[in-house]
Amino acid sequence: CAQVLLQRWARRYAGVVRRSLNSTAVALQPGDANAKLGLAKVLIEMDKPEMALPLLEALAQLEPASDTVHDWLATLYRKTGRMEDTKREVAFYQHSRK
């Protein structure tokens, strides 16, 4: 019983700890694309697309050729109902893969 509770706690709070660490990295190095990407990934895993989108949009400006950024943007735009933005990102992603 205690082990099950510990496992639930670990799953619940692991994301919070990772988010905190990645937020600190972004704060210390705001121009670091890897720090922003790491934080965006954690936010996506925590089902916080509204918090991940601004990071990914900023990353698209810093790293315009990043397939990962545009793929994640397309996914989050679709998830949040922004279909025109989704189409734009899918088109960019498909074009960059050629």
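See the structure above.
What this report covers is the structure whose coordinates are included nearby. (Residues numbered from 1 in each chain as written. Predicted model: local features only at pLDDT ≥ 70, side-chain atom pairs only at ≥ 80, totals over all residues. Heavy atoms only, no water.)

**A look at the overall build of the chain**
Thinking step 1. In terms of helices and strands, the chain carries five helices and zero strands.
Thinking step 2. Secondary structure of the chain in N-to-C order comes out as α-α-α-α-α.
Thinking step 3. Counting across all 98 residues of the chain, residues that qualify as buried make up 29%.
Thinking step 4. Contacts spanning at least 24 positions in sequence make up 39% of the contacts within the chain whose residues lie at least 6 apart. (Helix = DSSP H or I, 4+ residues; strand = E, 2+ residues; numbered from the N terminus. Buried < 20%, exposed > 50% of the residue type's maximum accessible area, 1.4 Å probe, protein only. Contact = heavy atoms within 4.5 Å.)

**Quick word on helix 3 (residues 49-62)**
Thinking step 1. For helix 3, with 14 residues, the first-to-last C-alpha span of 19 Å sits near the 20 Å given by 1.5 Å per residue.
Thinking step 2. Where helix 3 is buried, its residues meet helix 2 (33-45) and helix 4 (67-79). (Expected span 1.5 Å × (residues − 1).)

**Examining the environment of Asp71**
Thinking step 1. Structurally, Asp71 can be placed in helix 4.
Thinking step 2. A relative accessible area of 32% places Asp71 in the partly exposed class.
Thinking step 3. Separated by 18 residues in sequence, Asp71 and Glu89 have C-alpha atoms that sit 6.9 Å apart.

**What about the packing of helix 4 against helix 5 (residues 83-96)?**
Thinking step 1. Axis separation between helix 4 and helix 5 bottoms out at 8 Å; the angle between their running directions is 155°. Here helix 4 lies roughly antiparallel to helix 5, going by the angle between them. Once helix 4 is placed against helix 5, the crossing between them reads as left-handed. In this structure, helix 4 uses Asp67, His70, Asp71, Leu73, Ala74, Tyr77 and Arg78 to contact helix 5, whose residues at the interface are Met83, Asp85, Thr86, Arg88, Glu89, Val90, Phe92, Tyr93 and Ser96.
Thinking step 2. Tallied by class, residues from the contact of helix 4 with helix 5 come to seven nonpolar, three polar and six charged. (Axes fitted to C-alpha atoms, helices over the stretch in contact; angles between N-to-C directions. Parallel < 35°, antiparallel > 145°, perpendicular 65-115°, else oblique. Left-handed = near helix turned anticlockwise from the far one by under 90°. Nonpolar A, V, L, I, M, F, W, Y, C, P; charged D, E, K, R; others polar.)

**Observations concerning the environment of Ala74**
Thinking step 1. Within the secondary structure, Ala74 sits in helix 4.
Thinking step 2. When the C-alpha positions of Ala74 and Tyr93 are compared, they lie 8.7 Å apart, and in sequence the two are 19 residues distant.
Thinking step 3. Other than its neighbours up to four places away in sequence, Ala74 contacts Thr86, Glu89 and Val90.

**Some remarks on the nonpolar core**
Thinking step 1. Formed by 14 residues in total, the largest nonpolar core has its most connected members in Leu56 and Leu73.
Thinking step 2. Sorting the residues of this core by element identifies helix 2, helix 3 and helix 4 as the ones contributing at least two each.
Thinking step 3. Of all the elements, helix 3 adds the most residues to this core, at six residues.
Thinking step 4. In contact with Leu73, other than residues within four places in its own chain, are Leu53, Leu56, Glu57, Ala60 and Glu89. (Core = buried A, V, L, I, M, F, W, Y, C linked by side-chain atoms within 4.5 Å.)

**Remarks on unusual backbone geometry**
Thinking step 1. At Asp47, a position not held by glycine, the phi torsion is positive, near 60°.
Thinking step 2. In this fold, Asp47 is placed in the loop between helix 2 and helix 3.
Thinking step 3. Overall, Asp47 belongs to the partly exposed group, its relative accessible area being 48%.

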